[in-house]
Every structure is written in structure tokens, then in C-alpha cells.
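Listed here are the chains, written in short residue letters.
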There are 2 protein chains.
Amino acid sequence: MTAHSTPRPSRRERPSKPALTRDGIIETAVALMGAEGLRRVTMRRLAQELDTGPASLYVYVRNTAELHAAVLDELLGAVDLSPATASGDWRDRLVRVLTSYTRVLFEHPGLARSALVARPSGDRYLDLLDALLSLLSEGGVPADRAAWAVDLLLQFATATAAEHAAGEKDPADAEGEWAALARALRGASATRHPHVAALGTELLSGPGEARLNWGFHVLINGIPHTPRPGATGAEATGSADWTEPP
Amino acid sequence: MTAHSTPRPSRRERPSKPALTRDGIIETAVALMGAEGLRRVTMRRLAQELDTGPASLYVYVRNTAELHAAVLDELLGAVDLSPATASGDWRDRLVRVLTSYTRVLFEHPGLARSALVARPSGDRYLDLLDALLSLLSEGGVPADRAAWAVDLLLQFATATAAEHAAGEKDPADAEGEWAALARALRGASATRHPHVAALGTELLSGPGEARLNWGFHVLINGIPHTPRPGATGAEATGSADWTEPP
DNA sequence: ACCTGAACACCGTTCAAGT
DNA sequence: ACCTGAACACCGTTCAAGT
């Protein structure tokens, strides 16, 4: 029996226990999230899964926020970036990539919440940034503006997914919140809140997908019309010119 | 001594202990947040402040999310809505109201985080909605579009404030996250991530205020150019026309 | 040098049992 | 009817002490 054929000595209780490395920890975290949801991906529960104490994880991961960011970066591998190199209108393809990103986050809204605060910075995230920047560049968006635009687009997608984090655990809670807002809107006083009263629950209307799509298009239509302040020396006397012909 | 001049009997330990009512609880929560920050506004800590057990609070408040939403609504009283009824370009005045809203949230980014998931639905929030809707109406934005636009504008402002929730406790954490992303961007491979590499930390550049302002203007410029799908019978064969002349 | 048991200082929420 | 003590089932993070 040669060395290469020797199965590595398995630990007593779990033959396939992953090695305690950063990658192993994150891999286990992803699996745990798939099995039990993000809210079970805690330092303690994860340590338990790895047959160790929570303190051990702090050797490889700074804190819970960093752990979640790493998990998200892993998940970002599922985003479809192929439209970036396909043919067709750049705007449509931009929306396709962003929609794919949003769909991935919708699966784990809690992760979207974390992403707003602790952004991922791994390879998958850079892949996504690069794809979006290449589409904006193709669309003739100046580089300085694209740098800000990519943030704006991702922030909108992320925030939209994060909104669904309500009642990830208990759907009754989410319903309660929604119902409270709907009640408030329906009951709006025509004298104190005339515009709200006139619209009523129209303010909450429409399928989420249509609103998401509309939002993407508002941004994509607005970006070419909105130069960065001072970009071409227009800031002058304090109040920049915030519009520009297409 | 008549009844109206009789001071109400004070409880032994805290003469000015607020009554245990919903309003009293929320008032105390606001004070506690001012004194110790949002992360101390927990059911347990709040109960302690009110000299009772946490279970008592559940008679008046459904859960922690609802508590935070109520606190936020209270805070929204500080938003300056006066530009809504002032004179001048409606776009500028819209930005002024939104900037005031964002400034209030910046003081308590954790609350902005909650707001993305559990929106407030109190009077202050309706006041804000109505002010924004009146400005959009003044700008000639069709009502159905304004209903979605107001959401989009507030979501952007809220998400921007929420991003600052990183390191609300320990500034070192926030620095760590930011540094990690900056390192990743600077170290981007020119072959795998050419666009990211070309921009580098330009992606993180600029004062937050300028980016916020730019974002508002992108939205405000995009909204008049982007009809809601099917609004005027244009949806036809599945792919709506997502642009419109100003 | 590397790792971790045990502790510190907390959480949200529920419910049986009191008044 | 209204309220709550006590319990249940957890948290993140640190650090002294082990190997």
C-alpha cells in the first residue's frame, strides 16, 4: 500500500469532517445555510457543526459580519454573467445580469441585509463588478460615472432583496408589518395626507418583479443624463448642473 | 386642596417613571436610544428601564422589529418638510427633503437597517410620504409613477444610511471591511478584472454626500423618462418600451 | 505556536401561574 | 382580565490556560 493510496486517517466520529481552514469553515457555512437558513449560520452553531468550540473560528474569521460576507461571495458564483459578453442592447443585458444577481439574493434575503453593511470583496464579487462595468462602458457611460453607477445599481438590487428579509423566520411577522402599513395607507386622512389618501394602496401595488424592473430602468435612464459634479469643470459657483442632454 | 392640584402618587423608586402604555414605552425607547445607542434598545434593557420584566412589553409591542419601527417614526418628526411648500425648482426642493431624511437616519444607521425590512407606518412617515408625493405631482410626474417613485427615492436614502451601520459599535470593524474591499480593488487582476483594475479605488472615491446627491439626481432625472409598464397600454408583446421622451 | 474550554455578558420570546 | 417571574433556547466574543 503506497502513500498516495492511504486514506487520510479519519477522525473518530465524523469521517468526512472538513479540515479546520478558512475555506473549510466557509464551505461548511454555505452548506449549513442551505440546510437550515442563514439565521442558523452563527459562530456557535457553525462551531458545533465542525466539532469544535466557537473560539476556534476566530482564528480564521474576524467576526460574524465577515463570515456572512464570505458566504455571500461564495453564493455570487451562481449569478449569470453571460449577458455581459452576449449581443444585443447593452441596457437589456445590464438588466439581465442585475436581475440574476437579485434572484440569487432573494433566496437569502438575510444575506442581502448583511451585504448592505459588510460588502463582499471576494473574486465572485469582482467578477460581477467587472461585468457591470464592461456593460456600462459599452453603453458609453464615462468611467468616473460608471464607478458610481455600479454602486447605485447594486445597492438598489441589494436593498430590494433585503426588504424581503421580513418574516424570513415567521411569515406572520411580515404579514403584520405589511398589514400595518396597508391599514395606515388606507386610513390616511384626506386633509392631513391628501396625496397619500388619493393613491391609497396603489403605493404598495404591483408585482415586485415589475417594480424591480422599473427601478433598474429608472437608474439606467437617469445615469446618462446625470454627470458627476465637477467632472467637466461645471461645478463653478456651488450649485452644479445636474442634468445633461443624452 | 382640590383634585386637579393633587400630584399623582409617585411610585416609590422613580417619581417620574413613565406609565406602562405603548406611548410611554416608545418614549422611553427613544430616550434610551439617545443615551446609549440603538443596540441597547432591546426588550430586556428597555424593560429594565421601565422597572418591569421583558414579558410585560409584549402586551404593547408585537416584537423588536415593531418597536424599532415605532422609534423611527418618532424620529421622523425631525425631518424638515418645509421645502415641500416653499418656492423654487421642484427637483431642488425634493432633494432638500430627501437629504434631511437621510441626515436624520445617518444619526442612527441601525434604525435605517431596520427600516428597510420593517417600514414605519406612523403619522410622521405619512407626513413624509405626502410631502414627497406633492413635490412629484408638482413636477408633473403621473400619479401611478409617483407611487412607485416615492418608494424608490426613500429606499435609496434609507439604504445609503444603512450602509453606515457598519462599525456603529466598534469602528475598527468598519475599517476592516472597508480596507478589505479597498485591498481587493487595488489588487484586481488586469486580466481577470480589467475594468475594475482600470478604475481601482476610484470605485470607492468621493465624499459620501456627493454620491448621495448624485444618486438623488440620477433617480429624479430617470423618473420622468421611465413610464410604468403597461401604464398607457404599451406593454403589448411582452417587452415594454422602457423609455419615453421627457 | 496554535488552539480552545469555559466564562462573561448579554439576547428574544413564551407561558404557567399569580393578583 | 391583566400582568409578569422564571424559564427556554439561544447569541458574540474574549482570554487564560492548555498542548
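In what follows, the accompanying structure is described. Small disclaimer: the values here were computed from a predicted structure and weren't measured.

Brief notes about helix H4 (residues 64-75) of chain A
Residue and element names in this part refer to chain A.
Alright, step 1. With twelve residues, H4 extends 17 Å between its outermost C-alpha atoms, agreeing within 8% with the 16 Å of an ideal straight helix rising 1.5 Å per residue.
Alright, step 2. Buried residues dominate H4, accounting for nine of its twelve residues.
Alright, step 3. Turning to H4, its buried residues number three or more, namely Glu66, Leu67, His68, Ala69, Ala70, Val71, Leu72, Asp73 and Leu75.
Alright, step 4. The N-cap of H4, judged by a side-chain oxygen 3.2 Å from the amide nitrogen of Ala65 a few residues on, is Asn63.

Re the interface of chain B and chain A
Alright, step 1. Chain B puts 71 residues into the contact, and the matching count from chain A is 71 residues.
Alright, step 2. Joining chain B to chain A, the criterion identifies ten salt bridges.
Alright, step 3. For B:Arg119, the salt bridge identified is with A:Glu163, shortest N-O distance 3.3 Å.
Alright, step 4. In this structure, the connection of chain B to chain A is made through 23 residue pairs in polar contact (both at pLDDT 80 or more).
Alright, step 5. Broken down by element, the residue count for the side of chain B that touches chain A peaks at 15 residues, all from helix H8 (residues 143-163) of chain B.

Some details on the protein's contact with DNA strand C
Alright, step 1. What surrounds DNA strand C is a group of 17 residues, the closest being A:Ala55, A:Ser56, B:Thr42, B:Arg44 and B:Tyr58.
Alright, step 2. Between DNA strand C and A:Tyr60 there is a distance of 3.4 Å, counted from a phosphate oxygen to a side-chain nitrogen or oxygen.
Alright, step 3. One nitrogen or oxygen atom from the side chain of B:Thr64 is found 3.2 Å from a phosphate oxygen belonging to DNA strand C.
Alright, step 4. For the surface near DNA strand C, the secondary structure elements donating two or more residues are helix H3 (54-57) of chain A together with helix H2 (43-49) and helix H3 (54-57) of chain B.
Alright, step 5. A per-element tally of the surface near DNA strand C places H2(B) first, with three residues.
Alright, step 6. Residues that form the surface near DNA strand C fall into these classes: eight nonpolar, six polar and three charged.

Observations concerning the relation of the copies chain B and chain A
Alright, step 1. If you rotate chain B by 180° and push it 0.0 Å along the axis, it lands on chain A with an RMSD of 0.0 Å. Taken together, the rotation angle and the small translation identify this as a two-fold axis. Among all residues of chain B, the minimum C-alpha distance to the rotation axis is found for B:Gly222, at 1.9 Å.
Alright, step 2. Taken together, the interface assignments show that 100% of the residues at the interface of chain B recur at the interface of chain A, consistent with an identical surface on both copies.

Some details on the packing of aromatic side chains
Alright, step 1. Tallied over the full model, the rule gives four aromatic pairs over all chains.
Alright, step 2. With 5.8 Å between their ring centres and 75° between their planes, A:Trp148 and B:Trp214 make a pair best called edge-to-face. Here B:Trp214 lies in helix H11 (residues 208-222) and A:Trp148 lies in helix H8 (residues 143-163), a pairing that spans two chains. Across the pair, B:Trp214 and A:Trp148 agree in class, each one buried.
Alright, step 3. A cation over a ring is seen here: A:Arg228 above A:Trp148, with NZ or CZ 3.9 Å from the ring centre.

What counts, and where the lines are drawn
Residues numbered from 1 in each chain as written. Chains lettered and ligands numbered in written order. Predicted model: local features only at pLDDT ≥ 70, side-chain atom pairs only at ≥ 80, totals over all residues. Heavy atoms only, no water. Helix = DSSP H or I, 4+ residues; strand = E, 2+ residues; numbered from the N terminus. Expected span 1.5 Å × (residues − 1). Buried < 20%, exposed > 50% of the residue type's maximum accessible area, 1.4 Å probe, protein only. Polar contact = N/O pair within 3.5 Å; in protein donor to acceptor, adjacent residues only side chain to side chain. Contact = heavy atoms within 4.5 Å. Salt bridge = Lys/Arg side-chain N within 4 Å of Asp/Glu carboxyl O. Near = heavy atom within 4 Å. Nonpolar A, V, L, I, M, F, W, Y, C, P; charged D, E, K, R; others polar. Least-squares fit on C-alpha atoms with pLDDT ≥ 70 in both. Phe/Tyr/Trp six-rings, centres within 6.5 Å; stacked < 30°, edge-to-face > 60°. Lys NZ or Arg CZ within 6 Å of the ring centre and 35° of its normal.

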